[in-house]
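Below are the chains, spelled out letter by letter.
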Amino acid sequence: MTEEDYIKEQIKLSSRIKHENTVNLSQVHTVAGVDLAYWKEDEQEYAVCCIVIINYNTLEVCEKVSYADKIKVPYIPGCLAFREVPLFLETYKKVTIIPDVIFFDGNGYLHPRHMGLATHAGILIQKATVGTAKSYYKVEDVDFVMPANTEQAYTEIELHGKHYGRALRTHANVKPIFLSIGNAIDIETATKMVNQLTTKESHVPVPTRLADLMTHEKRKELTKKR
């Protein structure tokens, strides 16, 4: 596929995004965090995807799975999800506890065509998903407004009168994270969940923090074996 093909596919998929909220917070039992880590060997690029499922109320780990493979899609700005979705889908097949909501270390609707990994994956598996990125992905050169230096302060990220996401400061004196819906959830519910899932140990939600830590462990294991 060419870059043009990927963009056409994103535009086509974007019509399937569910904007209405399907998440009842009183009925959420488990949530998942997803992250990927890359490395190169002999010019071949590899990645490992990790999914960590935790109890929403106690934050205890319920399940951890991973899957590693060669990366077959070249890096194209704005089309990163096509590199990562195949690994995510293979990893997700290994899950035995189906989470109520899945959080991705990356973007969702905060994307030029609203098709970050959280949205792309959410559409394919028809689940409620949320994007929580640690760095800001600038769309059309639009900067975000820094939120107040207080816990749970946020500012809206809007382009042409359309809501793309939020810059959310989960604690005072920490950098904001960039929150956007993925699929089948609204921004208010996503914000409540992120705040519930963020502890004093980190400024990012527990599920994605644990998935990030697991990717580093798995990458280290896999590179030693090869």
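Up top is the structure.
Residues numbered from 1 in each chain as written. Predicted model: local features only at pLDDT ≥ 70, side-chain atom pairs only at ≥ 80, totals over all residues. Heavy atoms only, no water.

Participant: Please clarify how the overall build of the protein chain should be interpreted in this entry.
Facilitator: Assigned secondary structure in the protein chain consists of 5 helices and 8 strands. Listing every helix and strand of the protein chain by position from the N terminus yields α-β-β-β-α-β-α-β-β-β-β-α-α. Computed over C-alpha atoms, the radius of gyration of the protein chain comes to 17 Å, within 12% of the 17 Å expected from 2.2 N^0.38 for 226 residues, which places it in the range of a compact globule. With the principal axes as the frame, the protein chain shows a C-alpha extent of 45 × 40 × 30 Å. When burial is assessed residue by residue, the protein chain has 52% of its 226 residues classed as buried. (Helix = DSSP H or I, 4+ residues; strand = E, 2+ residues; numbered from the N terminus. Rg over C-alpha atoms; globule rule 2.2 N^0.38 Å. Buried < 20%, exposed > 50% of the residue type's maximum accessible area, 1.4 Å probe, protein only.)

Participant: Before we go on, may I ask you to explain the pairing of strand β2 (residues 44-55) in this structure?
Facilitator: Consecutive residues of a regular strand have side chains that alternate between opposite faces of the sheet. Summarising burial for β2: 9 of the 12 residues are buried, a large majority. Hairpin remark: strand β1 (residues 30-41) followed by β2, antiparallel, with 2 residues in the connecting loop; positive phi at Asp42, about 50°. Sheet topology places β2 next to strand β3 (residues 61-70); 9 bridges connect them, and they run antiparallel. By the bridge assignment, Tyr46 is partnered in β3 with Lys70. Hairpin connection between β2 and β3: a loop of 5 residues separates the two successive antiparallel strands, and Leu59 in this loop has a positive phi of roughly 65°. (Pairing = 2+ DSSP bridges.)

Participant: Mind showing me how you'd approach the pattern of salt bridges here?
Facilitator: Pairing is possible between side chains that carry opposite charge, provided their charged atoms lie close to one another. For the structure shown, the criterion picks out 9 salt bridges. Here Lys93 and Glu90 are joined by a salt bridge, their closest N and O atoms 3.0 Å apart. With relative accessibility at 61%, the residue Lys93 sits in the exposed group. Across the salt bridge formed by Arg166 and Glu156, the nearest N and O atoms sit 3.0 Å from each other. Taken together, the residues Arg166 in strand β7 (residues 162-169) and Glu156 in strand β6 (residues 153-159) connect sequence positions 10 residues apart. The exposure class of Arg166 is buried, given its relative accessible area of 2%. Accessibility expressed as a relative area gives 32% for Glu156, which makes it partly exposed. Among the charged side chains, a salt-bridge network with shared partners connects Glu156, Arg166 and Glu188. (Salt bridge = Lys/Arg side-chain N within 4 Å of Asp/Glu carboxyl O.)

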